[in-house]
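An overview of the molecular structure
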Amino acid sequence: MKRILSLLVICILYSCSPKIAESSSSVKKDSESINYEQYNGTQENTVLAVLWLQMSSEYKALCYQSYELARLQLDQSLLNNKSNKPLAIITDIDETVLDNSPYSGKSIETNKGFDYESWDEWGALESAEPLAGAVDFFNYAASKNITVFYISNRKDNQKDATISNLKKQGLPFADAQHVLLQTTTSNKDERRNSVLETHDVVMYIGDNLGDFSSVFDHKTTSERHKITDSLKVKFGTSYIVLPNPMYGAWEYGLYNENPYGISEKEKDSLRKAKLKTY
Ligand SMILES: [Mg+2]
């Protein structure tokens, strides 16, 4: 099974990316048993995830489904609203409103992992496209006098480019007051609380559980599962989740809560070791 998976990934690398195929001739030779001395693959494990986002209509359908569910819940919130505060939605940006899969594609092409230099370069292009259904949903919310706050862990130096990208795609409330990026901590509580001081938040939207509550931050896989079970009534009601197989906080559990201190070889071993099989 493991051997079939390895071969499948390598076949995709060859058939879809001539550049990678050219630079990875040693991979083909070593496909029976990857030689990590010769092969410094860092990104090949994300190929299928990125292609799924870019090519599968199922992903597009899931995005439409998430935003349709959000609209239904929003209508319900408006019917039940007894608040004397203005209402708001808090949404994440990356892989929730904007699709950064071209950045991940580039990371595969160049065989480099995530780094802030290349991430800033991508952000500065202001060319990320919206997820299916996102623009219509947020404009619908705005038409119902719901304020939208974008709370993202993009760094604050990307603020102008991020606002510009959102604006170009026709998203409402794309301005400095409503786009709250990371200045000190990746924990979003402080920014969420600042919104809650003035607004009643009817809904949170994100692709990572930390977009909903900090109770999910820095937890093991089993802890995250337990918390998710305990909060199950919120999913699909006040928490709307978008799928993102490319990256996320779930990887901390994959790499035993220490993704930064281990080599690519160790990561590969851990990925294989974590597979459920029979
Ligand atoms: Mg995100």
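Values in this document were obtained by computation on a predicted structure and should not be read as measured data.

Reading guide: rules and limits
Residues numbered from 1 in each chain as written. Predicted model: local features only at pLDDT ≥ 70, side-chain atom pairs only at ≥ 80, totals over all residues. Heavy atoms only, no water. Helix = DSSP H or I, 4+ residues; strand = E, 2+ residues; numbered from the N terminus. Buried < 20%, exposed > 50% of the residue type's maximum accessible area, 1.4 Å probe, protein only. Areas by Shrake-Rupley, 256 points an atom, 1.4 Å probe, with all protein chains shown as cover. Donors = N, O, S within 2.8 Å, 3.2 Å for Na, K, Ca; no water. Polar contact = N/O pair within 3.5 Å; in protein donor to acceptor, adjacent residues only side chain to side chain. Contact = heavy atoms within 4.5 Å. Pairing = 2+ DSSP bridges. pLDDT = per-residue confidence, 0-100. Axes fitted to C-alpha atoms, helices over the stretch in contact; angles between N-to-C directions. Parallel < 35°, antiparallel > 145°, perpendicular 65-115°, else oblique. Nonpolar A, V, L, I, M, F, W, Y, C, P; charged D, E, K, R; others polar.

Let us now look at the overall build of the chain. Scanning the chain from N- to C-terminus turns up 13 helices and seven strands. Expressed as a percentage of the 278 residues in the chain, the buried residues total 45%. In the structure as shown, the chain presents an accessible area of about 15200 Å², 54% of it carried by carbon and sulfur atoms.

Each protein donor to the magnesium ion is listed here as D92 (OD), D94 (O) and D207 (OD); together their distances run 2.1 to 2.2 Å. The motif formed by the donor residues of the magnesium ion, counted along the single chain, is D-x1-D-x112-D. Placement of D94 in the loop between β1 (87–91) and β2 (98–99) and of D207 in the loop between β6 (200–206) and α11 (221–230) is noted, with a sequence separation of 113 residues between them. Across the pair, D207 and D94 agree in class, each one buried.

Here S213 lies in the loop between β6 and α11. By relative accessible area, which is 14% here, S213 ends up buried. Here the side chain of S213 touches V215 through a polar contact of 3.1 Å, landing on its backbone nitrogen. For S213, the contacting residues outside a window of four places in its chain are R192 and Y239.

The subject of this paragraph is the pairing of β1. The element β1 is largely enclosed, with a buried count of five among its five residues. Burial of β1 is two-sided: the residues L87, I89 and T91 facing one way and the residues A88 and I90 facing the other way are all buried. Sheet topology places β1 next to β6; five bridges connect them, and they run parallel. For I90, the partnering residue across the bridge sits in β6 and is Y204. Taken together, the four bridges between β1 and strand β4 (residues 147–155) define a ladder with parallel strand orientation. Residue pairing across strands places T91 opposite Y150, the latter belonging to β4.

Before going further, it helps to spend a moment on the confidence of the model for the chain. Predicted coordinates in areas of low pLDDT are best not read in detail. Taken residue by residue, the chain gives an average pLDDT of 86. The fraction at 70 or more is 85%. In this model, residues 1–39 is a region of pLDDT below 50 whose contacts with residues beyond four sequence positions or in other chains number 31 contacts.

The next point concerns the packing of helix α4 (residues 47–55) against helix α5 (residues 57–80). Taken N-terminus to C-terminus, the directions of α4 and α5 make an angle of 65°; their axes are 5 Å apart at the nearest point. Here α4 is positioned roughly perpendicular relative to α5, judged by the angle of their axes. Residues W52, L53 and M55 of α4 form the contact with α5, whose participating residues are S57, E58, Y59 and L62. Split by residue class, the contact of α4 with α5 holds five nonpolar, one polar and one charged.

Below, the discussion takes up the environment of T198. Within the secondary structure layout, T198 lies in the loop between α10 (189–196) and β6. Ignoring sequence-local partners within four residues, the contact set of T198 consists of K85 and P86.

So, about the sheet that holds β6. One open sheet holds the five strands; their spatial order is β5-β4-β1-β6-β7, and the pairing between them is parallel. In the strand order of this sheet, the two ends are held by β5 (179–182) and β7 (239–241), each with one partner. Recorded for the sheet is a direction-independent mean angle of 20° between the axes of neighbouring strands. Relative to β5, β4 is paired through three bridges, and the arrangement is parallel. The partner of I151 across the bridge, within β5, is L180. Those strands touched by helix α8 (residues 134–143) are β1, β4 and β6, and its axis lies near 160° from that of β1. Docked against the sheet, α10 engages β1, β4, β5 and β6, running at close to 165° with respect to β4.

Note on placement: F114 falls in the loop between α6 (101–110) and α7 (116–124). For the pair F114 and S104, spaced 10 residues apart in the sequence, the C-alpha separation amounts to 8.2 Å. Residue contacts for F114: discarding those within four places in its chain leaves Y103 and W119.

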